[in-house]
Amino acid sequence: MQTNKPSKTKTSFYRRIYLAYLIDSGINTVPAIIDMTGMPKRTAQDTLAALKELGINVEFIGGTKNGHYQINDWGAVSKTWVTNNLKHVKDVLMYP
């Protein structure tokens, strides 16, 4: 029996671009990302670290207690595509 479950590659990619979108939208701290997504802390941290693999330039600004992340360059990822397809991205990530 075949399922329509998305591949790990697809969910990993979508998780990364969704996180970049959140950061760019002002949800730019690990606690805020966890609150918004329900992602475990370690997953959020690992996903943040993996953004550079997509060419997304993310920078941490400020101190450890009051700092936040900032997207400086989306690289080869189209921010417009992510915005226009956000519902689909979120639907794939919420697959049971």
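Read on for an overview of the structure. Since we're looking at a predicted model, the values are computed, not measured.

Scanning the chain for helices and strands turns up 5 helices and 2 strands. The secondary structure elements of the chain, listed N-terminal to C-terminal, are α-α-α-β-β-α-α. For the chain, whose C-alpha radius of gyration is 14 Å, the value lies close to the compact-globule estimate of 12 Å for 96 residues. Across its three principal axes, the chain shows a C-alpha extent of roughly 50 × 25 × 20 Å. Counting all 96 residues of the chain, 31% fall into the buried class. Within the chain, contacts between residues at least 6 apart in sequence are counted, and of these 55% link residues at least 24 apart. Split by element, the accessible area of the chain, about 6300 Å² in all, is 50% carbon and sulfur.

A few words now on the environment of D46. For D46, the location among the structural elements is in helix α3 (residues 41–50). D46 sits in the partly exposed class, given a relative accessible area of 37%. Linking D46 and R16, residues 30 residues apart in sequence, is a C-alpha distance of 9.7 Å.

Two side chains bearing opposite charge may form a pair once their charged atoms approach each other closely. Per the stated rule, a full pass over the model turns up 4 salt bridges. Notably, a salt bridge pairs R42 with D46, separated by 3.3 Å at the nearest N-O pair. One end of the pair is R42 and the other is D46, both in helix α3 and 4 residues apart, which spans about a single turn. Classification of R42 as exposed rests on a relative accessible area of 56%.

Right, let's talk about the pairing of strand β2 (residues 68–73) for a bit. Both strand β1 (residues 57–61) and β2 contribute to a ladder of 5 bridges, which runs antiparallel. Opposite F60, over in β2, you have Y69 as the bridge partner. Hairpin connection, β1 to β2: the antiparallel pair is bridged by 6 residues, and G62 has positive phi, about 100°.

Centre distance and the angle of the planes are the two values used to describe a pair of aromatic rings. Enumeration according to the criterion identifies 3 aromatic pairs in this entry. Between the aromatic rings of F60 and Y69, the centroid separation amounts to 4.9 Å while the plane-to-plane angle is 65°, which identifies the pairing as edge-to-face.

What counts, and at which threshold
- Residues numbered from 1 in each chain as written.
- Predicted model: local features only at pLDDT ≥ 70, side-chain atom pairs only at ≥ 80, totals over all residues.
- Heavy atoms only, no water.
- Helix = DSSP H or I, 4+ residues; strand = E, 2+ residues; numbered from the N terminus.
- Rg over C-alpha atoms; globule rule 2.2 N^0.38 Å.
- Buried < 20%, exposed > 50% of the residue type's maximum accessible area, 1.4 Å probe, protein only.
- Contact = heavy atoms within 4.5 Å.
- Areas by Shrake-Rupley, 256 points an atom, 1.4 Å probe, with all protein chains shown as cover.
- Salt bridge = Lys/Arg side-chain N within 4 Å of Asp/Glu carboxyl O.
- Pairing = 2+ DSSP bridges.
- Phe/Tyr/Trp six-rings, centres within 6.5 Å; stacked < 30°, edge-to-face > 60°.

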